[in-house]
Amino acid sequence: MFAATQSALNDAAKVLLDVHLKGCVKERLDEGDDAVLDELLMTVSKLMRK
């Protein structure tokens, strides 16, 4: 049961990350805001620790 729940949560996180990358992150990069890359790396690092 736990594995199925974790898998569903991972799938949801992937969808959210995809939407965020293609929306917010792309927009900020297009505006020349490279700091968004540091924020993205920090977020991914936090997700990988869980």
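My aim in this report is to walk through the structure given alongside it, one point at a time. Predicted model only: the values in this text are computed from it and were never measured.

## Re the packing of helix α1 (residues 2–30) against helix α2 (residues 35–49)
- The N-to-C vectors of α1 and α2 enclose an angle of 155°; their axes lie 9 Å apart at closest approach. When the interaxial angle is binned, α1 and α2 end up roughly antiparallel. In contact with Leu17, Leu21, Val25, Arg28 and Leu29 of α1, α2 contributes Val36, Leu37, Glu39 and Leu40.
- For the contact of α1 with α2, the class distribution of residues is seven nonpolar, no polar and two charged.

## Description of the pattern of salt bridges
- The final tally for this structure, using the stated rule, is four salt bridges.
- In this structure, Asp18 engages Lys22 in a salt bridge whose closest nitrogen and oxygen atoms are separated by 3.2 Å. Here Asp18 pairs with Lys22, and both are found in helix α1, just four residues apart, close to one helical turn.
- Note that Lys26 is salt-bridged to Asp30, the shortest N-O span being 2.9 Å. Of the two residues, Lys26 and Asp30 both sit in helix α1, four residues apart, roughly one turn of that helix.
- Residue classification places Lys26 among the partly exposed residues on the basis of a relative accessible area of 44%.
- A residue is classified by how much of its surface remains accessible, and Asp30, at 57% relative accessible area, is exposed.
- Put simply, Arg28, Asp33 and Glu39 are held in one network by salt bridges that share partners.

## Digging into the layout of surface pockets
- Approximately 200 Å³ is the volume attributed to the second largest pocket.
- Ala13, Leu16, Leu17, His20, Cys24, Val25, Arg28, Val36, Glu39, Leu40, Thr43 and Leu47 together form the lining of the second largest pocket.
- Elements with a minimum of two residues in the lining of the second largest pocket: α1 and α2.
- Ranked by the residues each element gives to the lining of the second largest pocket, the list is headed by α1, at seven residues.

Cut-offs applied
Residues numbered from 1 in each chain as written. Predicted model: local features only at pLDDT ≥ 70, side-chain atom pairs only at ≥ 80, totals over all residues. Heavy atoms only, no water. Axes fitted to C-alpha atoms, helices over the stretch in contact; angles between N-to-C directions. Helix = DSSP H or I, 4+ residues; strand = E, 2+ residues; numbered from the N terminus. Parallel < 35°, antiparallel > 145°, perpendicular 65-115°, else oblique. Contact = heavy atoms within 4.5 Å. Nonpolar A, V, L, I, M, F, W, Y, C, P; charged D, E, K, R; others polar. Salt bridge = Lys/Arg side-chain N within 4 Å of Asp/Glu carboxyl O. Buried < 20%, exposed > 50% of the residue type's maximum accessible area, 1.4 Å probe, protein only. 1 Å grid on protein atoms, 1.4 Å probe; cavity = no way out; pocket = protein on both sides within 12 Å on 5 of 7 lines; lining within 4 Å. Points joined across faces, edges and corners; volume = space filled by probe spheres on them.

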